[in-house]
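Residue-level listing of the chains:
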Amino acid sequence: MSLPIITADQRLAEPRGIKGCIFGKSGIGKTSLLWTLDPARTLFIDLEAGDLAIEGWPGDSIRPRTWAECRDFAVFIGGANPSLRDEQPHSPAHYAAVCQKFGDPAALDRYDTIFVDSITVAGRLCFQWCKGQPEAVSEKTGKPDVRGAYGLHGREMIAWLTHLQHTRGRNVWFVGILDEKFDDFNRRIFQPQIDGSKTGLELPGIVDEVITMAELKADGGDPYRAFVCHTINPWGFPAKDRSGRLRPVEEPHLGRLMDKIRAPGTPVPRRLSFTPPAEGAADHPHPQS
């Protein structure tokens, strides 16, 4: 057996699935982004029961109600992880059991985009499940152990997100609520609304794109919705663009955003170039309070 090297030509010929998350305040229109996607090629994982926002949308959906169902759908979509033991979720044994339950996974071949709404609700389902596990009960006192529950919650969520992130050839987008808070120095900060701290801290390192859907307002102009895409932005919104193809602010159209990410990229030497701002440059638009 020769060393299984993947050549540059093979790697460049592989389909590129985009993995990302979109955060924004409640009511900004995150679920409505489904209208910007091809309904024939999109599977909507509906955790929010946000039917009014997409009333009339002609695409397919599934509605998990428990954390066990969330894990089943993840392994059915992403396949088995051969490094895991049979008793672990997302393992070959788990995948075989789910295929026996749901049928041939080829039924998913017609979908190239998975839209998960929302990671906030997925975190709640996960934490509810974690509180009922032995790890969430103190061995000494027999009483609930909140720290144990949160520790298990962090591991479960990261394993679930990582498994979906490794689904090659498919786009996977997670939607979540963004909380606005103030720190001890009265500075405004933004945090994803997810139970526990581990998931919110590690999520940006798992996905390719972190987008904040925000309401901005140019000086003297009307407010408008936009995608904030760069880590360095004047508002402090969570954002990251691993592709190097996006502008700091993009129109709030997920379909066209993915087209742009797939387009030929900026040459690597130019991605980290530094251009000092010109004196007297116009101010950035500011977010609505």
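The notes below deal with the structure included here. Quantities reported herein were computed from a predicted structural model and do not represent experimental measurements.

**Here's the deal with the overall build of the protein**
What the protein contains, in helices and strands, is eight helices and eleven strands. Radius of gyration (C-alpha) of the protein: 21 Å, near the 19 Å computed for a compact globule of 289 residues. Across its three principal axes, the protein shows a C-alpha extent of roughly 60 × 55 × 45 Å. Taken across its 289 residues, the protein has 41% of its residues classed as buried. Accessible surface, the protein as shown: approximately 16500 Å² in total, 53% of it carbon and sulfur. Treating the 35 positive side-chain charges of the protein as one cloud and the 37 negative ones as another, the clouds have centres 2 Å apart.

**Topic: the packing of aromatic side chains**
Taken as a whole and judged by the stated rule, the model has nine aromatic pairs. When the centroid spacing of 5.4 Å and the interplanar angle of 70° are considered together, the rings of F76 and F102 count as edge-to-face. With F76 in helix 2 (residues 67-78) and F102 in helix 3 (residues 92-102), the pair connects residues that are 26 residues apart, well separated along the chain. In this structure F76 comes out as buried when scored by relative accessible area, which is 9%. Each member of the aromatic cluster is reached from another via a ring pair, and the members are F44, W57 and F115. The positively charged end of R71 is found above the aromatic ring belonging to W129, 4.8 Å away from the centroid.

**Topic: the packing of helix 2 against helix 3**
Between two packed helices, both the angle of their axes relative to each other and the distance between the axes serve to describe the pair. Two numbers describe how helix 2 lies on helix 3: the axes approach to 9 Å, and their chain directions differ by 95°. Judged on the interaxial angle alone, helix 3 and helix 2 are roughly perpendicular. Together, R71, D72, F73, V75 and F76 of helix 2 and H94, Y95, V98, C99, K101 and F102 of helix 3 make up the contact between the two elements. Of the residues in the contact of helix 2 with helix 3, the class split is seven nonpolar, one polar and three charged.

**Remarks on the nonpolar core**
Within the largest apolar cluster, 46 residues are counted, with the highest numbers of intra-cluster contacts made by I119, W160, F174, L203 and F237. It is helix 2 that contributes the most residues to this core, seven residues altogether. In contact with F174, not counting residues within four places along its chain, are G20, C21, I22, V116, I119, W160, L161, L164 and V207. By size, the runner-up hydrophobic cluster in this structure holds 21 residues, among which are I28, L33, F44 and V175.

Cut-offs applied
- Residues numbered from 1 in each chain as written.
- Predicted model: local features only at pLDDT ≥ 70, side-chain atom pairs only at ≥ 80, totals over all residues.
- Heavy atoms only, no water.
- Helix = DSSP H or I, 4+ residues; strand = E, 2+ residues; numbered from the N terminus.
- Rg over C-alpha atoms; globule rule 2.2 N^0.38 Å.
- Buried < 20%, exposed > 50% of the residue type's maximum accessible area, 1.4 Å probe, protein only.
- Areas by Shrake-Rupley, 256 points an atom, 1.4 Å probe, with all protein chains shown as cover.
- Lys, Arg positive; Asp, Glu negative; His and termini not counted.
- Charge placed at Lys NZ, Arg CZ, Asp CG, Glu CD.
- Phe/Tyr/Trp six-rings, centres within 6.5 Å; stacked < 30°, edge-to-face > 60°.
- Lys NZ or Arg CZ within 6 Å of the ring centre and 35° of its normal.
- Axes fitted to C-alpha atoms, helices over the stretch in contact; angles between N-to-C directions.
- Parallel < 35°, antiparallel > 145°, perpendicular 65-115°, else oblique.
- Contact = heavy atoms within 4.5 Å.
- Nonpolar A, V, L, I, M, F, W, Y, C, P; charged D, E, K, R; others polar.
- Core = buried A, V, L, I, M, F, W, Y, C linked by side-chain atoms within 4.5 Å.

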